[in-house]
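For reference, the chains in residue letters:
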Amino acid sequence: MATTVRRTSCNLCEAICGVLVTVDDGRVTDIRGDESDPLSRGHICPKAVALRDLQEDPDRLTTPVRRTADGWQEIGWDAAYELVVGKLTEIQREHGRNSVGVYLGNPNVHSLGALTHLPTMIRQLRTRNRFSATSIDQLPHMLASYLLYGHQLMVAVPDIDRTSYLLMLGANPLASNGSMMTAPGFGRRLKDVRQRDGRVVVIDPRRTETAAIADEHHFVRPGTDAAFLLALIHQVIADGHARPASYVDGFAAVKAAVEPWTSDRAAAVTGIDADVIRRIATEFATADRAACYGRVGVSTQQFGAICQWAIQVLNIITGNLDRPGGTMFPRPAVNALLGLGRGHLGLWKSRVRGLPEFGGELPVSTMAEEILTPGDGRIRAMVTVAGNPVLSTPSGRRLDEALDTLDFMVSVDPYINETTRHADVILPPAPPLERDHYDVIFHQLAVRNTARWNDAVLPKPPEARHDWEIFRDLGLALVRRTPWSRRKVEMMARLRMSPRRIVDLGLRIGPYRLSLRKLRKSPGGVDLGPLQPALPGALRGKSKRIDLAQPMILDDLPRLESLVALDDGGLLLIGRRHLRNNNSWMHNSARLVKGRPRHQLLMNPADLAERDLKDGQLVRVASVAGSVSVEVAASNDMMPGVVSLPHGFGHGREGVRLTVASQVAGASANDVTDAGLTDTVAGTAAVNGVPVTVTAG
Ligand SMILES: Nc1nc2c(c(=O)[nH]1)N[C@H]1C(S)=C(S)[C@@H](COP(=O)(O)OP(=O)(O)OC[C@H]3O[C@@H](n4cnc5c(=O)[nH]c(N)nc54)[C@H](O)[C@@H]3O)O[C@H]1N2
Ligand SMILES: Nc1nc2c(c(=O)[nH]1)N[C@H]1C(S)=C(S)[C@@H](COP(=O)(O)OP(=O)(O)OC[C@H]3O[C@@H](n4cnc5c(=O)[nH]c(N)nc54)[C@H](O)[C@@H]3O)O[C@H]1N2
Ligand code: SF4
Ligand SMILES: [Mo]
């Protein structure tokens, strides 16, 4: 038997762990952590082994399929492209460019080929109805980066390996493995902070797995973190602890804006003791090196933009931005900022609700209404790529129905799931182990500068296509239909360049003058050292200054006045993640889904008792948008008045071809979340803090 051990990386989450894959006669027999990886140092989680399941899953599509009256029929690639491009151009010719909508899902940022070729392909559609997971995820981070640092992707990450005080809000890296900060082995890194006599403080409406290993955890009423953060800033300033750098403007305006937010007022709103708020403010401001970090729980809520701005302001005024152990800007070998514009907000608005675009995309919460509402500019065809918005976006049932009304839909996806079951054509890309990989995005967010290129572990069968080849061929077919222009030539050249060539170029013009040849000599990756201070030089604006006084945010602060009314005895729904789940997919791996069930609604025993409900019974969770029936589990880890339901469950709808997943219990949280509930600043979906009722049934 020919046994080889190949190095690659796991691309299933943002931790990008290095892995060793053993291949026996073309079959994967073992997957383990790579100790020599300079970033992940041997760490992996249970999901890594699922890379093998993805490879071998009999439900995974390997050729394009087309929906017919007699069910799905396999077709050739060229015929599929012709059908797709013909339909899309026909619909656009008849109804205008915006009649084609696009949804780009999460796994795209984990695929090299999607990053190099998908944006160029989508540009050829010239539609303003573009949506992605960004607006139900990290949009507020990108907005804060755009406003303060001049580029939507210039994200400051906590320098976790050197910090002595980490304040975390709305993040559970022990389940998620970290996000908007690539720090594989997050748990171990947290323990190291404490071993160095540092402190880890967690603010979360649930006592999470992360809270359990922190020094301190405080419940916070969902959606009220903004008040907590403003009170911290208030207190830091009142104590005379503010020391913004010389290149920071707008301090006076911030001081005035946080004036009303005393610790006492914030305590009444958040449920966190005023003394605790004051103490955290003092400890944070006087710690050697402190970093404040907030993730999904403080992004996908009604005040996400204020939260992410306030987190930056707290780091900035305490002198922790851009210093070791504070929050810092990575300097990756390929500068991802070059591949993406600086950002913009509100250049156009959504047709029905008038919500603003950000970076060229409209809020995903408007997608269903843009399909369903008659009139000029209505979406009549959809392109979805690596996404399952029926399960992943709010008011999912409505979207499910909306997709049914389309004239045409094409999905680039390896599975027939709750979303792609509506497609007319599905184009499946080759799986991760058959691809070359370089992490353009997550090196940009990593807590240490490293670089790693991986050749594909397994050969791709000749009849399969890489995702970049699919985007190249669709893109070229679309461009060919346009009249000659300089742009046309440029687009064709860009689409024809391979990901290898693009990464090689990026490495060569990058700060370390690497090349693909050099990187391939170290398949375990190269270490480029700890993060380094970079400001003000690295700021994107001409002035090289940071202006804290962003009108868009300051003008939004009065909306916080509504917070006082929240405490009405009702229940607020939040989400959660589990180590062995991955958003709406990977439930089709039997190895991953085994073990104790994880789909239940978690509820504090006092809230159960108040409603005469019993642990384990079926309950109905209802909001103004919809309801689901699901088992409830009593949990003392839940803040009273808050219930938690993970998203991405609720498989097995008609036509779905996910044999294992269809047997997984649970309901879709997004059948309850409400597309009408958004952070109005940039339209981010507020899937945390949704008012619900829970009754028997
Ligand atoms: N209620 C609630 N809803 C949420 C969240 C929440 O916290 N609460 N979280 C939100 C967040 S942060 C996100 S990012 C979204 C994620 O939601 P989506 O953007 O829908 O992403 P996934 O659920 O990861 O969808 C994965 C899809 O991509 C396909 N896929 C996997 N790998 C590839 C590939 O390499 N190529 C292609 N073409 N397809 C592939 C899978 O088959 C699957 O159909 O969900 C959001 N929804
Ligand atoms: N195993 C696994 N890993 C994943 C994913 C997955 O589905 N499974 N998804 C990946 C993706 S797409 C992303 S974006 C990241 C997300 O990474 P994280 O942000 O770490 O995601 P969560 O584990 O959902 O943690 C969010 C926390 O916010 C809390 N929360 C909810 N509402 C509020 C609130 O109002 N205030 C505060 N302070 N907290 C609140 C929740 O209780 C929860 O503990 O994870 C990634 N990693
Ligand atoms: S933490 Fe798990 S899923 Fe994430 S990259 Fe590492 S092995 Fe893959
Ligand atoms: Mo996400």
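Everything numeric here is computed off the predicted structure, so don't read it as measured data. (Residues numbered from 1 in each chain as written. Chains lettered and ligands numbered in written order. Predicted model: local features only at pLDDT ≥ 70, side-chain atom pairs only at ≥ 80, totals over all residues. Heavy atoms only, no water.)

**With respect to the packing of aromatic side chains**
- Enumeration over the complete set of coordinates arrives at four aromatic pairs.
- Geometry around Trp261 places Arg265 over its ring, the cationic atom sitting 3.8 Å from the centre.
- When the ring centre of Tyr512 is taken as reference, the NZ or CZ atom of Arg331 above it lies at 5.7 Å. (Phe/Tyr/Trp six-rings, centres within 6.5 Å; stacked < 30°, edge-to-face > 60°. Lys NZ or Arg CZ within 6 Å of the ring centre and 35° of its normal.)

**Description of the pattern of salt bridges**
- Enumeration over the complete set of coordinates arrives at 40 salt bridges.
- The salt bridge partner of Asp30 is Arg32, with a shortest N-O separation of 2.6 Å.
- Its relative accessible area of 48% is what places Arg32 among the partly exposed residues.
- Note that Asp556 is salt-bridged to Arg559, the shortest N-O span being 2.7 Å.
- Exposure remark for Asp556: the relative accessible area of 8% places this residue in the buried category.
- Among the charged side chains, a network of salt bridges with common partners joins Arg397, Asp400, Arg421, Arg653 and Asp671. (Salt bridge = Lys/Arg side-chain N within 4 Å of Asp/Glu carboxyl O. Buried < 20%, exposed > 50% of the residue type's maximum accessible area, 1.4 Å probe, protein only.)

**Observations concerning the site of ligand 2**
- Around ligand 2, 32 residues are found, and the nearest of them are Ser176, Asp204, Asp225, Asn581 and Asn583.
- One nitrogen or oxygen atom from the side chain of Asp204 is found 2.7 Å from an oxygen atom belonging to ligand 2.
- Separating a nitrogen atom of ligand 2 from a backbone N or O atom of Asn581 is a distance of 2.7 Å.
- In the complex, the protein chains occlude 98% of the 910 Å² of accessible area that ligand 2 would expose alone.
- Only helix H5 (173-176) and helix H12 (296-299) provide two or more residues apiece to the shell around ligand 2.
- Each of domain 3 (159-322 + 547-554) and domain 4 (569-696) contributes no fewer than three residues to the shell around ligand 2. (Near = heavy atom within 4 Å. Polar contact = N/O pair within 3.5 Å; in protein donor to acceptor, adjacent residues only side chain to side chain. Areas by Shrake-Rupley, 256 points an atom, 1.4 Å probe, with all protein chains shown as cover. Helix = DSSP H or I, 4+ residues; strand = E, 2+ residues; numbered from the N terminus. Domains from an automatic or database assignment.)

**Some thoughts on the UniProt feature "domain: 4Fe-4S Mo/W bis-MGD-type" (unreviewed entry) in the protein chain**
- Taking the UniProt record as the reference, the feature "domain: 4Fe-4S Mo/W bis-MGD-type" (unreviewed entry) is found at residues 3-59.
- What you have in residues 3-59 is 12% helix and 37% strand, and the ends, taken at the C-alpha atoms, are 27 Å apart. (UniProt positions renumbered as here; feature names shortened; annotations may be inferred.)

**Quick word on helix H16 (residues 396-404)**
- Along H16, the positions that sit buried rather than exposed are Gly396, Leu399, Asp400, Ala402 and Leu403. Viewed along the axis of H16, the buried residues span an arc of 165°, placing them on a single side of the element. Opposite the packed face of H16, turned more than 90 degrees from it, sit the exposed residues Glu401 and Asp404.
- On its buried side, H16 packs onto helix H14 (367-372), strand E17 (381-385), helix H15 (389-392) and strand E18 (408-412). (Arc of directions from axis to C-beta. Contact = heavy atoms within 4.5 Å.)

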